[in-house]
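# Structural overview
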Amino acid sequence: VKVELTATKRTGLHKYTFPKSSSSNIILDLTHRDLAKQSEINITGNNEITGFRLSTAWAKNQYVYFVIQFSKPFVRSGIVKANVVSANAKHDTGSFLKAFVSFETTEGEVIYAKVGISAVSIDGARKNLEAEQPGWEFDKIVADAKAAWNTELSKIEVESKDNSVMRTFYSAMYHAMTPPNLYQDVDGKYRGRDLQVHQTKDFTYYTV
């Protein structure tokens, strides 16, 4: 399976190129990374999954709500809770959740998955997705992301005959620009340090 990934400010777009198969699978793993305190999965149709994940690590209460939409309807789906598979399950909550969707694919078939996220709500994640990814334009989003980064990275120009020096400089500059992170939805709502939902008026809210 070939996987390609790109992103907008508040959404991601996945591109999966599958072999011919009656069981081409994509797994959503909410147990991965830091400790999940609570999570929820809703399989809301044959091409969408929604839910949230509340985790703790360097951030004691980190909320991530999501809406995932697929470019092709899946033929099978289910939820895994504490390693127990429930085929055809549509909803569950808990600390150890995963979900799977399965497709029948031809050789070289491409399936897209677009993902909207929010720290506020599932509705906020959906609004972000609708605003920033109304279609399935993978190449355009790649080009837009590249252009945005080039705009920032071109603010400082360096010259060297040693490509490793250039690589080190621009890698460091890139890393210096990854935080702070945009932390508000397209409608201006955000979750503050008090963990309550607030509304921006004349500013953009960021976090690390």
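Structure's up top.
The following paragraphs examine the structure supplied in this document.

Basis of the calculations
Residues numbered from 1 in each chain as written. Predicted model: local features only at pLDDT ≥ 70, side-chain atom pairs only at ≥ 80, totals over all residues. Heavy atoms only, no water. Salt bridge = Lys/Arg side-chain N within 4 Å of Asp/Glu carboxyl O. Helix = DSSP H or I, 4+ residues; strand = E, 2+ residues; numbered from the N terminus. Buried < 20%, exposed > 50% of the residue type's maximum accessible area, 1.4 Å probe, protein only.

We now examine the pattern of salt bridges. Within this structure, the stated rule accounts for 11 salt bridges. Ionic pairing is found between R53 and D34, a salt bridge with its closest N-O pair at 2.7 Å. With R53 in strand 5 (residues 48-56) and D34 in the loop between strand 3 (21-29) and strand 4 (35-43), the pair connects residues that are 19 residues apart, well separated along the chain. Its relative accessible area of 11% is what places D34 among the buried residues. One salt bridge connects K81 with D92, and the closest N-O pair in it is separated by 3.3 Å. Linking K81 in strand 7 (residues 76-81) with D92 in strand 9 (residues 91-94), this pair joins segments that are 11 residues apart in sequence. Among the charged side chains, a network of salt bridges with common partners joins R33, D34 and R53.

Another aspect to go through is unusual backbone geometry. Cis rather than trans, the peptide bond between P179 and P180 has omega equal to -5°. With respect to the helices, strands and loops of the structure, P180 is situated in the loop between helix 3 (163-176) and strand 12 (181-182). Located in the positive-phi region is R33, a residue other than glycine, with phi close to 90°. Turning to its location among the elements, R33 is positioned in the loop between strand 3 and strand 4. Judged by its relative accessible area of 58%, R33 is exposed. Located in the positive-phi region is N88, a residue other than glycine, with phi close to 75°. Examined against the element boundaries, N88 turns out to sit in the loop between strand 8 (84-87) and strand 9.

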